[in-house]
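# Geometric and topological summary
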Amino acid sequence: GHGAAACPLPSDGDHLRSRFMTRAWLLLVGLVVVWGSHWVVVKVGLDTIPPFTYGVLRIASGMVTLAVLMLATGRLKRPVREDLPIILSYGFFAVALMIITMNLALPHIPAGRSAILAYTTPLWIVPIMAVVARTLPLRAEIVGLVLGLAGLVLLLNPAAIDWGAEGALLGSLLLVLGAGSGGLAMVHVRLHAYKGTPFDAQIWQLLVALVPMALLTLLLERDQLGTISWDLPAALAVLYSGPLATAFAFWASQMIVRALGPLTAGIGYLGAPVVGVVAGIIVLGEVITLLDVAGVVVTTAGIAVVLLAGRPRTVKVTAEEAASG
């Protein structure tokens, strides 16, 4: 969920509290850089690896990394039965669908623009909550949604992208669809009462995502598997996507939300698409126009307004979590 978070921290002295918060801020900076630059990395990887195959390699390598971490800390165990609905929905909507739309769109769309479109997830939470939870949006949430949609119009209009170019419009719409599916999963996260911990559920959510991805690979890309050129950029891209942008990012995002609260984390994450735009310009030589800049600014403002309007949520952090992470 998003919103101002009251976050009770351990009372074992100012030193522990300060160390805990410093680590969370450093993790936030690291995560923003990892997530933002990941768009450029995936674009490079997709030059030689088909999209569904890339998804399988990303999820599988992320799962292996998480399994090693969880075995080392004694946390790898069967999922709690009551958490199976959130494992299934988050795995399918927030992991599988978002990765599929990302990988299908990126070959046709600049990495920076893709990052902005994919990070519109908070906007879609507002109407989804209104329908699913019958929660009327706050006035500020409506303002944020209108701003965000105006930004999307700027980013998607024919003056900004060539609608005739192969995959340009479809790719953009796929990314927005992926953001919407992520919003659906986030609404379920808000409404679900975890019996286990969100972190312990994540490896099983990846497993759920791996199944449709593997089936699509076998159905659509089986003939291409033998022709993949495993050069160094492709191998490094997969290692970046799985262990770093999936396994590390899952763990870090949990720590950040629990320490800084969902509001601070949500606004902090808005740095990721900005990093994506900058990385696209520096690494791939992507061109950004004034219209693009306007679209990015208006869309980001809309998302920020939605996040700031969020209802308060309490996040509790145990002393053990604060000390160990």
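As the structure is a prediction and not an experimental result, all values here were calculated from the model.

For the protein, the count of helices and strands is 13 helices and two strands. Relative to its length of 325 residues, the protein is compact, with a C-alpha radius of gyration of 19 Å against a globular reference of 20 Å. Dimensions of the protein, computed from the C-alpha atoms along their principal axes, are close to 60 × 45 × 40 Å. Burial analysis of the protein (325 residues in total) assigns 50% to the buried set. For the protein, the share of sequence-separated contacts (at least 6 apart) that also reach a separation of at least 24 residues comes to 90%. Carbon and sulfur atoms make up 71% of the accessible area of the protein, which totals about 15000 Å².

On to the pattern of salt bridges. In the structure shown here, the tally under the stated rule is three salt bridges. Two residues, Asp 200 and Arg 75, come together in a salt bridge whose shortest N-O distance is 3.0 Å. Residue Asp 200 is found in helix α8 (residues 198–220), and its partner Arg 75 is found in the loop between α2 (51–72) and α3 (84–105); the two are separated by 125 residues along the sequence. The exposure class of Asp 200 is buried, given its relative accessible area of 12%. What you see here is one network of salt bridges that share partners, running through Arg 75, Lys 77 and Asp 200.

Quick look at the packing of helix α5 (residues 121–132) against helix α12 (residues 290–309) now. It is at 8 Å that the axes of α5 and α12 come closest, and there the two elements cross at 50°. Here α5 lies oblique to α12, going by the angle between them. Relative to α12, the crossing made by α5 is left-handed. On the side of α5, the interface is formed by Pro 122, Leu 123 and Val 126, while α12 contributes Gly 302, Ile 303, Val 306 and Leu 307. Class assignment for the residues of the contact of α5 with α12 results in six nonpolar, one polar and no charged.

Now for a nonpolar patch on the surface. A surface patch of nonpolar side chains, about 730 Å² in accessible area, is lined by Val 274, Val 278, Ile 281, Ile 282, Val 283, Leu 284, Ile 288, Val 293 and Val 297. Residue contributions to the nonpolar patch peak at six residues, all from helix α11 (residues 271–284). Note that Val 297 resides in helix α12. Judged by its relative accessible area of 51%, Val 297 is exposed.

So, about the nonpolar core. Inside soluble globular proteins, nonpolar side chains tend to come together where they are buried. Within the largest apolar cluster, 55 residues are counted, with the highest numbers of intra-cluster contacts made by Trp 39, Tyr 54 and Ile 256. When residues in this core are grouped by element, the largest group, twelve residues, is from helix α1 (residues 14–45). Sequence-distant contacts of Tyr 54, that is, excluding residues within four places in its chain, are made with Val 41, Val 42, Gly 45, Leu 46, Ile 49, Asn 103, Ala 237, Val 238 and Ser 241. Counting 22 residues, the second largest nonpolar core, distinct from the first, contains Phe 52, Ile 59, Ile 99 and Ala 247.

The subject of this paragraph is the packing of aromatic side chains. Applying the stated criterion across every chain yields a total of three aromatic pairs. Pairing Phe 92 with Phe 93 gives two aromatic rings, centres 5.1 Å apart and planes at 85°, and the pair type is edge-to-face. Looking at Phe 92, the relative accessible area reads 36%, which means it is partly exposed.

Moving on, we get to the confidence of the model for the protein. On average, residues of the protein score 87 in pLDDT, and 91% of them reach the 70 mark or higher. Across the protein, α3 holds the top mean pLDDT of 96, while helix α13 (residues 319–324) sits lowest at 38. Confidence over residues 1–7 falls short of pLDDT 50; this stretch has 29 contacts with residues more than four positions distant or in other chains. Contacts for the low-pLDDT stretch residues 312–325, under 50 throughout, to residues beyond four places or in other chains number 41 contacts.

Attention now goes to the environment of Trp 39. Mapped onto the elements, Trp 39 comes out in helix α1. When the C-alpha atoms of Trp 39 and Arg 17 are compared, they prove to be 34 Å apart, with 22 residues separating the residues in sequence. Every residue in contact with Trp 39, bar those within four places of it in the chain, is listed here: Met 102, Leu 106, Ala 111, Ser 114, Ala 115, Ala 118, Tyr 119 and Leu 175.

How each quantity is defined
- Sequence order sets the numbering: in each chain, residues are counted from 1 along the sequence as written.
- In keeping with the model being predicted, local features are shown solely for residues with a pLDDT of at least 70 and side-chain atom pairs are shown and tallied solely at 80 or more, while totals for entire chains, interfaces and linings include all residues.
- To get the side-chain values, all heavy atoms of the structure are used, and hydrogens and water are removed first.
- Strands are runs of DSSP state E lasting at least 2 residues, helices are runs of H or I lasting at least 4, and numbering of each runs from the N terminus.
- Radius of gyration: over C-alpha atoms. The globule rule applied is 2.2 Å multiplied by the number of residues raised to the 0.38 power.
- Partly exposed describes any residue whose relative accessible area lies between the buried limit of under 20% and the exposed limit of over 50%, with all areas from a 1.4 Å probe on protein chains only and scaled to the type maximum.
- Residue contacts are defined here by distance: any two heavy atoms, one from each residue, within 4.5 Å place the two residues in contact.
- Only the protein chains shown count as covering a residue, and every accessible area follows the Shrake-Rupley method with a 1.4 Å probe.
- The salt bridge definition used is simple: a Lys or Arg side-chain nitrogen within 4 Å of an Asp or Glu carboxyl oxygen.
- Helix axes are fitted only over the stretch in contact, all axes being lines through C-alpha atoms; the angle between N-to-C directions runs from 0 to 180 degrees.
- When an angle is under 35 degrees it counts as roughly parallel; over 145 it counts as roughly antiparallel; between 65 and 115 it counts as roughly perpendicular; any other value is oblique.
- Should the near helix be turned counterclockwise from the far one by less than a right angle, the crossing is left-handed, whereas a clockwise turn marks it as right-handed.
- Classification used: nonpolar for Ala, Val, Leu, Ile, Met, Phe, Trp, Tyr, Cys and Pro, charged for Asp, Glu, Lys and Arg, polar for all others including Gly.
- Like charges within 9 Å and nonpolar side chains (Val, Leu, Ile, Met, Phe, Trp, Tyr) within 5 Å are joined into patches, using only residues over 30% in relative accessible area that form no salt bridge.
- The set of buried Ala, Val, Leu, Ile, Met, Phe, Trp, Tyr and Cys residues whose side-chain atoms join them within 4.5 Å is what this entry labels a nonpolar core.
- Classification of ring pairs uses Phe, Tyr and Trp, with its six-membered ring standing for Trp, and accepts pairs whose centres are within 6.5 Å; under 30 degrees between planes counts as stacked, over 60 as edge-to-face, and the remaining range as tilted.
- Per-residue confidence from the predictor is reported as pLDDT, which spans 0 to 100.

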